[in-house]
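# Topology and contacts: notes
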Amino acid sequence: MSNKRRYWLWLQRALGEGACINRIIEEFGSAEKLYNANILEWRMSPALTSKNINCLEQTKLTDIDEIIYTCDKNGWQIIDFEDEAYPNRLKEIYNPPAVLYVDGTLPDIDNLVTIGIVGTRKASEYAIKVTHIMSKGIAQVGAVVVSGGALGVDTAAHKGALMAGGKTIAVLGCGLGTKYLMENSPLRKSIKENGALVTEYPPFTNAGRRTFPLRNRIISGLSLGVLVTEAGLKSGSLITANFALEQGRDVFAIPASVLSTDFAGTNKLIEDGALVATRPSQILDCYANRFDSIDISKVSSIDELIADHHSFEANIEKQEDKYSFDNLEIGRQKRLEREKNKSTLSKGVKTVYDALSEEYVHIDIIIEKTGLASSEVVAALTQLEILDMIKSASGKRYKLS
């Protein structure tokens, strides 16, 4: 590891993740030159505040030795601002990270079409399907899909790219090695083997309320364009879209149902000027003439992608043998039993039942719709699941049986 890298780690450790280092670098030239400047030069510089100077003084170069040791031990790369592997595309943003921690192989961002795909963690079944289809179509032609590694839309985006045999990048809102979202650890392993896990947070930094909005600027910063597939009016995905606009990136949105007020954020984006995307070619056509890395002739039509997705789902259902003749009578009896059980539900449980539909809904939305306490909703969902009146899925999502 070069000495230069140690100075960039020192700078990030001193000023914190998300700090704006561009003015500092313009003034001093590099993190090493900043470190070697005297205190008078620091105080005379318009790029440094008194708080910055205080943090720089209190941070020792040896403070980052443990970070270097941990990364070496686990095989994690540290890509600093001066490293050839650091994407120039990311340097363009207002506050680029001083260093990136990478598990896997970071693709050659500057010479590739990279598309960020973001949306709600509390995704509907429609959003999961359309995200998977769009991501697969984008990755098929050689474009890289960038997302956040979370549940819902992020997971569908990564899986779609992997199913197409493409590359994908997960920008994490926590440090490498953190036991965050353990149910997605198999997916992160697949991403590592077919792309990279990327973060600006030192190893084992826990996720927090501030870490996710900060990482969103990296998702958009690595991307040429950002596709929002489903988002509420207060969704974190809209933060990513705003970063994309500030960074001069394209913003695409998939229209949501006008009947769904829970996910009206994408429609609001379209009203504000986002490009409508209903098929992968609408996105890829924007970059085909600028990049030889994608083969636009290979892009599937939306009908082909939908048919392929339906075939995939049908194979799963066939394996589960859901619709055998033996099961038809069983299914009929279960429906009659559910109707009978429905008439015996208490008022609170029935309120929860009525808030559900045939598409998966996150528990937070159920709580919001019913106005009931979270403990009441959890108890009602448990009762409904025991009665086989609802089904649950990962990420605390529920739908009618």
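Here is a short report on the structure shown in this document. (Residues numbered from 1 in each chain as written. Predicted model: local features only at pLDDT ≥ 70, side-chain atom pairs only at ≥ 80, totals over all residues. Heavy atoms only, no water.)

### Some details on the sheet that holds strand E1 (residues 77-80)
Let me state the cut-off plainly: Should DSSP find at least two bridges between two strands, the strands are taken to pair. Only DSSP runs of H or I covering at least 4 residues are called helices, and only runs of E covering at least 2 are called strands; the numbering of each starts at the N terminus. Whether two residues touch is decided by their heavy atoms; if any such pair falls within 4.5 Å, the residues are in contact. To define axes, lines are fitted to C-alpha atoms, for helices over the stretch in contact only, and angles between the resulting N-to-C directions are given on a 0 to 180 degree scale.
Taken in spatial order, the nine strands make up an open sheet running E1-E2-E6-E5-E4-E3-E7-E8-E9, and their pairing is mixed. Across the chains shown, the open sheet's two edge strands, defined by having one partner strand only, are E1 and strand E9 (275-276). Two elements, strand E3 (residues 114-119) and strand E4 (residues 144-147), share three bridges in a ladder whose sense is parallel. Across the sheet, residue Thr114 finds its bridge partner in E4, namely Val144. Sheet contacts for helix H1 (residues 3-15): E1 and strand E2 (99-104); angle to E2, the most-contacted strand, approximately 110 degrees. Sheet strands touched by helix H12 (residues 236-246): E3, strand E7 (225-230) and strand E8 (250-253). Its angle to E7, the strand with the most contacts, is close to 160 degrees.

### A few points about the layout of surface pockets
Here is the rule: Of the grid points, spaced at 1 Å and generated over the protein atoms alone, those admitting a 1.4 Å probe that cannot get out make up cavities, while open sets with protein on both sides within 12 Å along at least five of seven lines make up pockets; any residue with an atom within 4 Å of a point is treated as lining. Grid points are joined across faces, edges and corners, and a volume is the space filled by probe spheres set on the points. In this classification, Asp, Glu, Lys and Arg are treated as charged, Ala, Val, Leu, Ile, Met, Phe, Trp, Tyr, Cys and Pro as nonpolar, and every other residue, Gly included, as polar.
One number sums up the size of the second largest pocket: a volume of about 720 Å³. Taken together, 29 residues line the second largest pocket, and the ones lying closest to its centre are Thr120, Lys122, Lys234, Ser235 and Gly236. Only E3, helix H11 (211-222), H12 and helix H18 (363-370) provide two or more residues apiece to the lining of the second largest pocket. The leading source of residues in the lining of the second largest pocket is H11, at five residues. Looking at the lining of the second largest pocket residue by residue, the class counts come to ten nonpolar, ten polar and nine charged.

In short, shape yes, function no, at least from these values alone.
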